[in-house]
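Coordinate analysis (summary)
Chain residues, written in single-letter form:
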Amino acid sequence: MSLRVMGQAAVTMNQLQQQLDVIGSNIANANTTGYKQRTSEFSDLLFQQIHNMTQPGNEVGRSTNDGIRIGTGAKLGAVNNDFSIGSLQNTDRPLDIALTKPSHFMQVITNDNGREEIQYTRDGSLYVSSEGNDLVLVSKNGHPINGLNGPIRFSNNIDSIRIGTDGRVYVTENGAEQYAGTIQVRHITKPRLLEATGDNVFQLRVPNTGFNEAEVAQLVDENNIMESGKLEMANVDIGLQMVDLMNAQRAYQVNARSITMADQMQGLVNQLR
Amino acid sequence: MLRGYYTAASGMMAQQRNQEMISNNLANARTPGYKADKAALRAFPEMLIHQMKSKNIPTENGLTLRSNEPIGSLTTGVYAQESIPHFEQGPIRETGMPTDFALVDRYFPDETGGAFFTVEAADGDVRYTRNGHFTIDGQGYLTNNDGLYVLDNNGNRIMTNDGDFHVTPEGSIVTNDGATTIGIAYIANVQNLVKEGHDLLRLENGNAVNINNTEAEVNVLQHTLESSNVDVSQSMTEMIAAYRVFEQNQRVLKAYDESMGKAVNDIARLG
């Protein structure tokens with residue numbers, strides 16, 4: 001009975017809800033530095049083949065194959081990260097850096113229950129955190145930034161920090177500039193292996209793909225890979241997201257209307273007697 | 001018996017099917033490359049109805065002869081016979097994603113012709129799709145939403161150099177390592193395609209030919225998708241119309257029921 005209509009519409013509404021979540025997350029992060037927007041598109045669901053009136057005499061002149069096929073709604077396909085580069089904003093803060101190539105990522109060292117893990121980010125707003133008598137370069141969330149030789153440490157009585165376009169960090173102590181370490185920048189050759197894990201970082205999922213991490217995340221040793229005093233903004237296009245949001249809401253309403261219609265039809269059946 | 005009972009009921013059932021197709025179209029109004037289904041209703045097979053008559057022949061004892069005269073043909077209902085997908089071009093919209101493709105129909109030698117992307121299904125056979133929302137898997141191959149490989153001109157999987165490529169209008173995917181032409185199949189009669197779901201179409205009869213071997217012309221656009229060709233306002237109107245036809249049939253059925261009630265309760269009442 002009308003239940004097929006209700007099923008189609010209800011399934012689709014549930015999926016539209018998820019699309020609204022994706023859009024909502026993009027809009028919420030429109031001001032998150034280094035955020036990469038997520039895109040989602042729909043895909044149709046299984047079609048059910050129904051054989052009705054199978055007498056060959058009735059099938060004269062039909063244009064499609066035998067039977068009728070009725071779909072069962074729509075689903076949200078894969079949610080993909082859009083790794084295009086965001087716009088750069090001048091901040092003039094020496095610890096803000098922006099990576100200038102879209103495939104480049106910095107490494108942060110996170111601590112998951114005593115187990116150290118390397119994660120990837122493009123969020124270049126760096127800070128210093130004190131560790132005993134030393135200062136260490138950390139991300140916004142307080143995780144150390146991975147340098148060529150582990151976390152980048154320097155003494156806590158420095159006057160200034162300077163980050164070069166090749167990722168080298170120089171600190172000035174008592175008027176003398178000295179080299180403190182180099183921020184590791186990796187060129188991710190398979191960006192689809194990056195999985196957003198929250199906190200503006202990505203995890204590289206290499207197991208079972210036949211690649212090793214060094215091959216997928218290649219060390220970059222070049223000049224002009226980053227700019228200091230700038231931040232990469234989110235690559236979210238607010239206008240586009242708003243249009244998507246409105247379209248998804250309308251689609252939601254339309255499907256709700258299908259349910260109302262099916263309900264009224266069932267009401268008519270009920271009123272037969 | 002009153003035949004109209006079943007005629008009206010079949011009318012309701014046919015509109016129900018119609019409604020199911022319309023609501024599925026509405027559900028897929030945001031599915032790229034989706035082609036709207038239209039229900040084709042058909043009357044039940046015709047039957048000839050006859051009138052039973054008796055004729056009195058004025059003989060001595062009065063002779064009654066039975067005769068049987070045809071009145072005309074009657075069909076006793078309607079059913080949804082076909083769900084016909086309409087393969088018109090959907091509107092093109094820009095997404096900015098390098099792995100989004102759209103086919104733009106230019107010219108088909110057959111009126112019923114159509115061009116499709118080819119993907120390799122789980123069973124190893126080729127399926128056809130108009131949904132060009134592709135992605136790149138961990139290995140670097142071009143796949144569709146469900147991870148099925150998109151095929152090139154020669155039926156091979158397409159290595160994409162990890163998204164760093166551009167596409168020419170002729171369908172050539174140009175990477176640093178060279179160019180591959182995306183496989184586009186031309187199908188002379190699109191109604192031989194059967195919708196399978198997950199954006200896939202299966203060819204039941206006839207052959208698909210490589211578009212390069214035909215006169216057909218399509219353009220492949222990168223960074224764009226072909227939207228669903230469902231017209232929401234039209235579908236909404238169809239939905240209301242189907243609803244009202246359903247309602248009318250319900251009224252007819254009720255009217256029959258009232259007549260039957262009269263026959264049972266009033267006419268035959270004793271005393």
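On a predicted model such as this, the values are computed, not experimentally measured, just so you know. (Residues numbered from 1 in each chain as written. Chains lettered and ligands numbered in written order. Predicted model: local features only at pLDDT ≥ 70, side-chain atom pairs only at ≥ 80, totals over all residues.)

**Details of the overall build of chain A**
Along the backbone of chain A there are three helices and 22 strands. Each principal axis of the C-alpha distribution contributes one length, and for chain A these read about 95 × 40 × 35 Å. Expressed as a percentage of the 273 residues in chain A, the buried residues total 38%. Here the analysis covers contacts within chain A between residues at least 6 apart in sequence; of these, 67% occur between residues at least 24 apart. (Helix = DSSP H or I, 4+ residues; strand = E, 2+ residues; numbered from the N terminus. Buried ≥ 20, exposed ≤ 12 C-beta atoms within 10 Å, placed from the backbone. Contact = placed C-beta atoms within 7 Å.)

**Here we look at the overall build of chain B**
Within chain B, the secondary structure is distributed over two helices and 20 strands. A globule of 271 residues ought to have a C-alpha radius of gyration of about 18 Å, yet chain B, at 28 Å, is considerably larger. Projected onto its principal axes, the C-alpha positions of chain B cover 105 × 40 × 30 Å. Of all intrachain contacts in chain B linking residues separated by at least 6 positions in sequence, the fraction that spans at least 24 positions is 68%. (Rg over C-alpha atoms; globule rule 2.2 N^0.38 Å.)

**Focus: unusual backbone geometry**
All names here are of chain B. In the Ramachandran plot, His198 falls in the positive-phi region, its phi being about 50 degrees despite a non-glycine side chain. One can find His198 in the loop between strand E16 (193–197) and strand E17 (200–203). Classification of His198 by C-beta neighbours within 10 Å gives buried; the count is 21. With a phi angle near 70 degrees, Asp199 is a residue other than glycine that sits in the positive phi range. Residue classification places Asp199 among the buried positions, given that 31 C-beta atoms sit within 10 Å.

**Let's talk about the packing of helix H3 (residues 238–270) of chain A against helix H2 (residues 232–267) of chain B**
Where H3 of chain A contacts H2 of chain B, the axes come no closer than 10 Å and their chain directions differ by 5 degrees. In this view, H3 of chain A runs roughly parallel relative to H2 of chain B, as classed from their interaxial angle. Packed against H3 of chain A, whose contacting residues are Val254, Met261, Gln264, Met265 and Leu268 of chain A, the element H2 of chain B presents Val232, Met239, Tyr243, Phe246, Glu247 and Gln250 of chain B at the interface. Looking at the contact of H3 of chain A with H2 of chain B residue by residue, the class counts come to eight nonpolar, two polar and one charged. (Axes fitted to C-alpha atoms, helices over the stretch in contact; angles between N-to-C directions. Parallel < 35°, antiparallel > 145°, perpendicular 65-115°, else oblique. Nonpolar A, V, L, I, M, F, W, Y, C, P; charged D, E, K, R; others polar.)

**Quick notes on the sheet that holds strand E10 (residues 134–138) of chain A**
Each strand in a sheet pairs with its neighbour through backbone hydrogen bonds, running either in the same direction (parallel) or in the opposite one (antiparallel). Residue and element names in this part refer to chain A. One open sheet holds the three strands; their spatial order is E9-E10-E13, and the pairing between them is antiparallel. One side of each edge strand has no neighbouring strand; the edge strands of this open sheet are strand E9 (127–131) and strand E13 (153–155). Neighbour to neighbour, the strand axes of the sheet diverge by 35 degrees on average, direction disregarded. Here E10 runs beside E13; their pairing, made up of three bridges, is antiparallel. Residue Val136 lies in a different strand from E13, and its bridge partner there is Arg153. (Pairing = 2+ DSSP bridges.)

**Section: the sheet that holds strand E16 (residues 176–182) of chain A**
Residue and element names in this part refer to chain A. As summarised here, the arrangement of the three strands in space is E14-E15-E16, forming an open sheet in which the pairing is antiparallel. Across the chains shown, the open sheet's two edge strands, defined by having one partner strand only, are strand E14 (160–163) and E16. Adjacent strand axes in the sheet meet at a mean angle of 25 degrees when their direction is disregarded. Pairing analysis gives six bridges linking strand E15 (residues 168–173) to E16, with the strands arranged antiparallel. Among the inter-strand pairings, Tyr170 is bridged to a residue of E16, identified as Tyr179.

**Remarks on H2 of chain B**
Because each turn of an α-helix spans 3.6 residues, side chains separated by three or four positions end up pointing in the same direction. Along its 36 residues, H2 of chain B runs 51 Å from first to last C-alpha, staying within 8% of the 52 Å computed at 1.5 Å per residue. In this fold, the buried residues of H2 of chain B make contact with H3 of chain A together with helix H1 (4–27) of chain B. (Expected span 1.5 Å × (residues − 1).)

**Regarding the environment of Asn156 of chain A**
Residue and element names in this part refer to chain A. With respect to the helices, strands and loops of the structure, Asn156 is situated in the loop between E13 and E14. Asn156 gets classed as partly exposed once you count the C-beta atoms within 10 Å, which come to 14. In this view, Asn156 contacts Ser130, Asn133, Asp134 and Leu135; residues no more than four positions away in its chain are not counted.

**Topic: the interface of chain A and chain B**
Counting residues at the interface gives 50 residues for chain A, matched by 54 residues for chain B. Mapped onto the side of chain A that touches chain B, the elements with two or more residues apiece are helix H1 (3–28), strand E1 (38–44), strand E3 (68–71), strand E4 (74–81) and H3 of chain A.

**Observations concerning the nonpolar core**
Among the nonpolar cores identified, the biggest contains 35 residues, and Ala251 of chain A together with Ile22, Leu26, Ala29 and Val230 of chain B are the most heavily contacted of them. The set of elements that each furnish at least two residues to this core consists of H1, E3, E4 and H3 of chain A together with H1 and H2 of chain B. Ranked by the residues each element gives to this core, the list is headed by H1 of chain B, at seven residues. Contact partners of Val230 of chain B, with chain neighbours within four places excluded, come to Asn25, Leu26, Asn28, Ala29, Tyr34, Ala36 and Ser235 of chain B. (Core = buried A, V, L, I, M, F, W, Y, C linked by C-beta atoms within 7 Å.)

**Some thoughts on the environment of Glu215 of chain A**
Take Glu215 of chain A: it is sitting in helix H2 (residues 213–216). Sequence-wise, Glu215 of chain A and Ile188 of chain A are 27 residues apart; in three dimensions their C-alpha atoms are separated by 8.7 Å.

**Details of the pairing of strand E15 (residues 184–187) of chain B**
Residue and element names in this part refer to chain B. What you see with E15 is no split at all: Ile184 and Tyr186 on one side and Ala185 and Ile187 on the other are buried throughout. By the bridge criterion, four bridges tie strand E7 (residues 114–120) to E15 in an arrangement that is antiparallel. Considered in E15, the bridge of Ala115 is made with Tyr186. Pairing analysis gives three bridges linking E15 to strand E18 (residues 208–210), with the strands arranged antiparallel. Bridge pairing in E18 places Ala185 opposite Asn210.

**A word on the packing of H3 of chain A against H1 of chain B**
The N-to-C vectors of H3 of chain A and H1 of chain B enclose an angle of 165 degrees; their axes lie 9 Å apart at closest approach. Judged by the inter-axis angle, H3 of chain A sits roughly antiparallel to H1 of chain B. You can see that H3 of chain A and H1 of chain B cross each other, and the crossing is left-handed. Listed contacts from H1 of chain B to Val254, Asn255, Ser258, Met261 and Met265 of chain A of H3 of chain A are Gln19, Ser23, Leu26 and Ala27 of chain B. When grouped by side-chain class, the residues that make up the contact of H3 of chain A with H1 of chain B number five nonpolar, four polar and no charged. (Left-handed = near helix turned anticlockwise from the far one by under 90°.)

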